[in-house]
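Structure assessment
Listed below, chain by chain, are the residues.
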Amino acid sequence: MSAIAAETRLSRLGRLMWRRKAASVGAIVTLLVIVSAILAPWLAPYDPNEQNILLNLAPPSDEYLLGNDTYGRDILSRILWGGRVSLFVGVSSIAIAMIVGGLLGIIAGYVGGRTDRVIMAVMDVLLSFPSLVMGLLVVAVLGPTLTNLIIAIAFTAIAPFARIARAPTMAVKQRDFVEAGRALGFSDLRIMLVHILPNIMDEILVLASLWLATAIRTEASLSFIGLGVRPPTATWGGMIRDGFENMLDAPWLVLFPSLAILIIMVALNLLGDGLRDATDPKLRHE
Amino acid sequence: MSDTLNSPLQPVLSVENITTEFRINGAWHPAVRDLSFSVKPNETLAIVGESGCGKSITALSVMRLISKTQGRISSGSIRLQGRDLLACSEREMEAIRGDAMSMIFQEPMTSLNPVMTIGDQIAESLRYHRGLSRRQANARALELLELVKIPSAPSRFKDYPHQFSGGMRQRVMIAMALACDPQLLLADEPTTALDVTIQVQILALLAELKERTGMAMVFITHNLGVVASIADRVAVMYGGRIIEEAPVEQLFDRPTHPYTEALLRSMPRVDRDRSELHPIPGQVPPITVRTPGCRYADRCPLRIERCIREVPPLAPVGGNPHHTARCWVRADLPVQESIAS
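Model, not experiment: these values are computed from the prediction.

**Examining the overall build of chain A**
- Of regular secondary structure, chain A possesses eleven helices and zero strands.
- Along the chain direction, N to C, the helices and strands of chain A fall in the order α-α-α-α-α-α-α-α-α-α-α.
- Projected onto its principal axes, the C-alpha positions of chain A cover 75 × 45 × 30 Å.
- Out of the 286 residues belonging to chain A, those deemed buried represent 44%.

So this is what it looks like as structure tokens:
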């Protein structure tokens, strides 16, 4: 039968993804990181900004599990709080990119013709910038605040979402139910949002999980070069930058935030790969 | 509005002299030429013809669903209850489609959105056109599912299209089309993709619903057996034109145009021997080929010289104004004087 169990597409996606060990590990770790970031105010043993000169560069101890930084602040607490910023920036910028890029892609694919060519030409220009360079440019122009950081990172991810949304839109547009919808008098906007979008959502979500990792990395990179959220707010990139000068005396300053970034990146990529494999049509009959 | 017959009922749909053209390699070629027909309430007009004769294009023209980039309706008028559809804006057409007139398609397997439940898809049109609340729309959608005889409708309301068979999906399509009580239903080969037994059920259902609602129906098909069972009147199309139009019994009793005659002869019948099947030699000329005369001329055994030169008008047959044909030889046309004007 040509029609697959479409209603369960998302839940089926989850099931197929879950079957892959690596992907399920990725999903669990991602979930843990998200939960710990949300619960940071309760999980963090100390105030992340509380300075204690006596604990300057103190190594990990029973009391301060991951040690203390230049100002004697607790690194574990700062990592937990920093995760909030990194995830918040990553999730919100990807959400913006997903909405803006996804809509542009659907419009380009659905309307076609000149509209399509103009939108995709602009997207190609955006794609030609590496995301870090583009983020740098936007933050440099707008100024380094949290909002601008989110806008900058969202900007770097719009083009890939437009591309990923456009191709399946062009395929779904040809299907009979779109014509049937037009025969029922539905407007183009309604057909795009109510009828085409749910049919291409899984492709967009897979890309979102992969790009979330990129967004977190871009945020860390921008913070590292000093264009991220202003100190004393804890961010992973900012912590690495602060610890950089003392890397040889107190490597834990750099090591633990770097590990945090590494863990979330690996987890998100495993999750994204698993989701991508699960949407592979060759696995339809599993 | 010009009403040709002295009937008390005004036609629901009257199409006059429409020509629909498509752009092929930069030139416009007509797929439907100078086509006129009308349908009254509670009447079924069947449009019959082989693939490529323009019957589906006719339906899409009435719905104004011809792709704007490749096609256009270059002349004529389409009136739905007196309202000129060709003068309507796209937004006005959106309000009319699915409400005052709706259409069902050939492929029930793919004409439903795979990620929406059956109930939601029927309710969507009611909420969109009638502004019903979710609860009202769902209640009405359930009634519609029962109207189209989906067994144990309440339990299937939340099912998805892939859980339905082809015949059941076509019933759902019919329910969606009828949701807003249209005055006109265009059915484009709605039974072609179905098994013969299911075909009969769907035809019976459509006939029953038409009686019940009094809507007008334009039924497009290539299957003359289907025509015999559902139509009140039949229009036979060939090469983008209606070449014969008659009440259904008359068409079968007295096919006048040589093409209609050949079409009836080429239809397999259980009560006749297989050897009596007569295929029509030759092919339909492609729409890019322009001919000054009758499009059927080069396949026609009765061809006279005039057929190649001039397109015959639709003229009465045997003095009957309700039976018309487009044939220099067979219709009531004076052989000598030229009628083309």
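**With respect to the interface of chain B and chain A**
- Counting residues at the interface gives 27 residues for chain B, matched by 21 residues for chain A.
- Those elements that place two or more of their residues in the side of chain B that touches chain A are α2 (90-96), β6 (101-104) and α3 (118-130) of chain B.
- Taken together, the residues that form the side of chain B that touches chain A break down as 14 nonpolar, nine polar and four charged.

**A look at the pairing of strand β4 (residues 71-80) of chain B**
Residue and element names in this part refer to chain B.
- Alignment of strand β1 (residues 13-24) against β4, held across eight bridges, turns out to be antiparallel. Bridging across to β4, T20 finds its partner in I73.
- With two bridges joining them, β4 and strand β5 (residues 83-84) adopt antiparallel strand pairing. From the neighbouring strand, L80 faces β5, where its bridge partner is R83.
- If you look at the hairpin formed by β4 and β5, you'll find two residues sitting between the two strands, and Q81 has a positive phi there, around 50°.

**Some words on helix α1 (residues 55-63) of chain B**
All names here are of chain B.
- The element α1 is extensively covered by neighbouring structure, given that nine of its nine residues are classed as buried.
- All of the buried residues in α1 are K55, S56, I57, T58, A59, L60, S61, V62 and M63.
- Backbone geometry just downstream of α1 places R64 in the positive-phi region, at approximately 55°.

**Re the sheet that holds strand β3 (residues 44-48) of chain B**
All names here are of chain B.
- Taken in spatial order, the eight strands line up as β6-β7-β8-β3-β9-β10-β12-β11 in an open sheet, and their pairing is mixed. Each of the sheet's edge strands pairs with one partner strand only, and the pair in question is β6 and β11 (315-317). On average, adjacent strands in this sheet sit at an angle of 25° to one another, irrespective of strand direction.
- The pairing of strand β10 (residues 241-247) with strand β12 (residues 320-325) spans two bridges and is antiparallel. Bridged to E244 within β12 is A325.
- Across the sheet, α1 is in contact with β3, β6, β7 (184-188), β8 (216-221) and β9 (233-238); its angle to β7 comes to roughly 150°.

**Some points on the pairing of β10 of chain B**
Residue and element names in this part refer to chain B.
- Most of β10 sits out of view: six of its seven residues are buried.
- Here β9 pairs with β10 via six bridges, running antiparallel. Note on β10: the bridge partner recorded for Y238 is R241.
- Between β9 and β10, which pair antiparallel in sequence order, lie two residues; one of them, G239, sits at a positive phi of approximately 55°.

**Some points on the UniProt feature "transmembrane region" (unreviewed entry) in chain A**
Residues and elements named next belong to chain A.
- In the UniProt entry, the feature "transmembrane region" (unreviewed entry) is given for residues 21-44, 87-111, 118-140, 146-165 and 250-272.
- Secondary structure content for residues 146-165 is 100% helix and 0% strand, while the C-alpha to C-alpha distance between its ends is 28 Å.
- What you have in residues 250-272 is 91% helix and 0% strand, and the ends, taken at the C-alpha atoms, are 35 Å apart.

**Focus on the domain arrangement of chain B**
Residue and element names in this part refer to chain B.
- When cut into domains, chain B gives domain 1 (13-100 + 182-274) and domain 2 (111-179).
- A C-alpha centroid distance of 25 Å is found between domain 1 and domain 2.
- Contacts between domain 1 and domain 2 engage 13 residues on the former and eleven residues on the latter.
- The dominant element in the side of domain 1 that touches domain 2, judged by the number of residues it contributes, is helix α7 (residues 196-213), at six residues.

**Let's talk about the nonpolar core**
All names here are of chain B.
- In this structure, A175, L184 and L186 are the most contacted members of the largest nonpolar core, which totals 172 residues.
- Inspection of this core shows a minimum of three residues originating in each of domain 1 (13-100 + 182-274) and domain 2 (111-179).
- Not counting residues up to four positions away in its chain, the partners in contact with L184 are V12, L13, V39, L80, A100, M101, M215 and A216.

**Details of the packing of helix α6 (residues 131-142) of chain A against helix α9 (residues 188-224) of chain A**
All names here are of chain A.
- α9 packs onto α6 with a crossing angle of 55° between their chain directions and a minimal axis gap of 10 Å. Classified by the interaxial angle, the pair formed by α6 and α9 is oblique. Considering how the two elements wind past one another, α6 and α9 form a crossing that is right-handed. Facing S131, L132, G135, L136 and V139 of α6, the residues of α9 in contact are T214, T218, S221 and L222.
- Along the lines of polarity and charge, the residues of the contact of α6 with α9 split into four nonpolar, five polar and no charged.

**Thoughts on the UniProt feature "domain: ABC transporter" (unreviewed entry) in chain B**
- Following the UniProt record, one finds the feature "domain: ABC transporter" (unreviewed entry) at residues 13-264 of chain B.
- Taken end to end, residues 13-264 of chain B is 39% helix and 28% strand, and its first and last C-alpha atoms sit 28 Å apart.

**Here we look at the packing of helix α2 (residues 21-38) of chain A against helix α11 (residues 252-279) of chain A**
Residues and elements named next belong to chain A.
- Relative to each other, α2 and α11 sit at 135°, their axes nearing to 7 Å. Judged by the inter-axis angle, α2 sits oblique to α11. Of the two elements, α2 crosses α11, and the hand of that crossing is left-handed. Contacts between α2 and α11 involve A22, A23, V25, G26, A27, V29, T30 and V33 from the former and I263, I264, A267, L268, L270, L271, D273 and G274 from the latter.
- Of the residues that constitute the contact of α2 with α11, the class distribution is twelve nonpolar, three polar and one charged.

**Side note on the UniProt feature "domain: ABC transmembrane type-1" (unreviewed entry) in chain A**
- UniProt feature "domain: ABC transmembrane type-1" (unreviewed entry): in the numbering of this structure it lies at residues 83-272 of chain A.
- Along residues 83-272 of chain A, the helical share is 84% and the strand share 0%, with 20 Å between the first and last C-alpha atoms.

What counts, and at which threshold
Residues numbered from 1 in each chain as written. Chains lettered and ligands numbered in written order. Predicted model: local features only at pLDDT ≥ 70, side-chain atom pairs only at ≥ 80, totals over all residues. Helix = DSSP H or I, 4+ residues; strand = E, 2+ residues; numbered from the N terminus. Buried ≥ 20, exposed ≤ 12 C-beta atoms within 10 Å, placed from the backbone. Contact = placed C-beta atoms within 7 Å. Nonpolar A, V, L, I, M, F, W, Y, C, P; charged D, E, K, R; others polar. Pairing = 2+ DSSP bridges. Axes fitted to C-alpha atoms, helices over the stretch in contact; angles between N-to-C directions. UniProt positions renumbered as here; feature names shortened; annotations may be inferred. Domains from an automatic or database assignment. Core = buried A, V, L, I, M, F, W, Y, C linked by C-beta atoms within 7 Å. Parallel < 35°, antiparallel > 145°, perpendicular 65-115°, else oblique. Left-handed = near helix turned anticlockwise from the far one by under 90°.

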